[in-house]
Amino acid sequence: MNRSNKKFEKEFVVKSTTDNLALIREFTKKAAGDSGFSDETIGKIILAVDEACTNIIKHAYNFSPEGEITISTKFDTDKLTISITDEGKHFNPNSVPEPNIIEYYKQKKVGGLGIYLMKKLMDEVNYHTLSGNKNRVILVKYLSR
Amino acid sequence: MADFNVSLRGVGPVSVIDVKGYLDAHTAPELENVFNKLLDEKQYRVVVNFNDLKYISSAGLGVFMAYVETMRENKGDIKFSNMTESVYNIFDLLGFPILYEFYKEENEALLKFNEQGKS
């Protein structure tokens, strides 16, 4: 455990295309690494952010490359907060049931796995609708957990 | 941008797909193309060798879910081999071991197909 009193805030803005996912992962890796998480936890945080941004690209912007995704990272003492904001279609995560792999198999269903993964990988996942038609998902990971 | 490579080779009656690098929503269509090619050629016995795969997101997992039943309906399967622990953990988190066979080595997966072919 690498406890510290350090603080930082960084922001990264990208267009809503899947070829930016690699850049998004790089940015996230740096933020999680600077926060002092283990390699294993850094991997979890990277995947959660990838899933959140993939959902935005697919569902909020419906694969339109003109949308904007803003990723803000903030670390304070032992809490990394990653806020991901878009201006696409509003998304209600509660409308997505928890996936059951056997049901998925029977129904040949694909998708919906990302939200479930995010919840499993992070300590907190919260969705907000902001003014100006913005949506924000906030992912939190604690160093001490 | 994303570093991903997929290649296909035949080992007897089994098709082996080697995946390398980062499998995400950007690169998953490349893997779908390979599965579509296998369906066109009526090749239903598939081993996916994950030896060089560094990263997978749910978009990549979804590809296997989309094709596995068709393979099984045609007396084939998709079996997995040579997965690193970090990649396996993602499959495990979503319950894939209930529905898919995972092998340490590609050869074990190939042998399983050969055994099934005889019965």
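Look up a bit, the structure's there.
Cut-offs used in this document
Residues numbered from 1 in each chain as written. Chains lettered and ligands numbered in written order. Predicted model: local features only at pLDDT ≥ 70, side-chain atom pairs only at ≥ 80, totals over all residues. Heavy atoms only, no water. Helix = DSSP H or I, 4+ residues; strand = E, 2+ residues; numbered from the N terminus. Buried < 20%, exposed > 50% of the residue type's maximum accessible area, 1.4 Å probe, protein only. Phe/Tyr/Trp six-rings, centres within 6.5 Å; stacked < 30°, edge-to-face > 60°. Lys NZ or Arg CZ within 6 Å of the ring centre and 35° of its normal.

## A few points about unusual backbone geometry
In this structure, Thr77 of chain A is a non-glycine residue whose phi angle is positive, near 60°. Mapped onto the elements of the fold, Thr77 of chain A is located in the loop between strand S2 (68-76) and strand S3 (79-86). Judged by relative accessible area, Thr77 of chain A falls into the partly exposed class, the value being 32%. Even without glycine at this site, Asn82 of chain B takes up a positive phi of about 55°. Counting through the fold element by element, Asn82 of chain B comes out in the loop between strand S4 (77-81) and helix H3 (85-93).

## A short note on the packing of aromatic side chains
The geometry of an aromatic ring pair is captured by two quantities: the separation of the ring centres and the angle between the planes. In the structure shown here, the tally under the stated rule is 17 aromatic pairs over all chains. A ring pair is formed by Phe50 of chain B and Phe80 of chain B, whose centres lie 5.4 Å apart and whose planes are at 85°; its orientation type is edge-to-face. With a gap of 30 residues between them, Phe50 of chain B in strand S3 (residues 45-56) and Phe80 of chain B in strand S4 connect regions that are remote in the sequence. Here Phe50 of chain B and Phe80 of chain B have matching classes, each one buried. Between the aromatic rings of Phe91 of chain B and Phe102 of chain B, the centroid separation amounts to 5.7 Å while the plane-to-plane angle is 80°, which identifies the pairing as edge-to-face. Linking Phe91 of chain B in helix H3 with Phe102 of chain B in strand S5 (residues 102-103), this pair joins segments that are eleven residues apart in sequence. Judged by relative accessible area, Phe102 of chain B falls into the partly exposed class, the value being 24%. Positioned over the ring face of Phe8 of chain A is Lys10 of chain A, at 4.9 Å from the centre of the ring.

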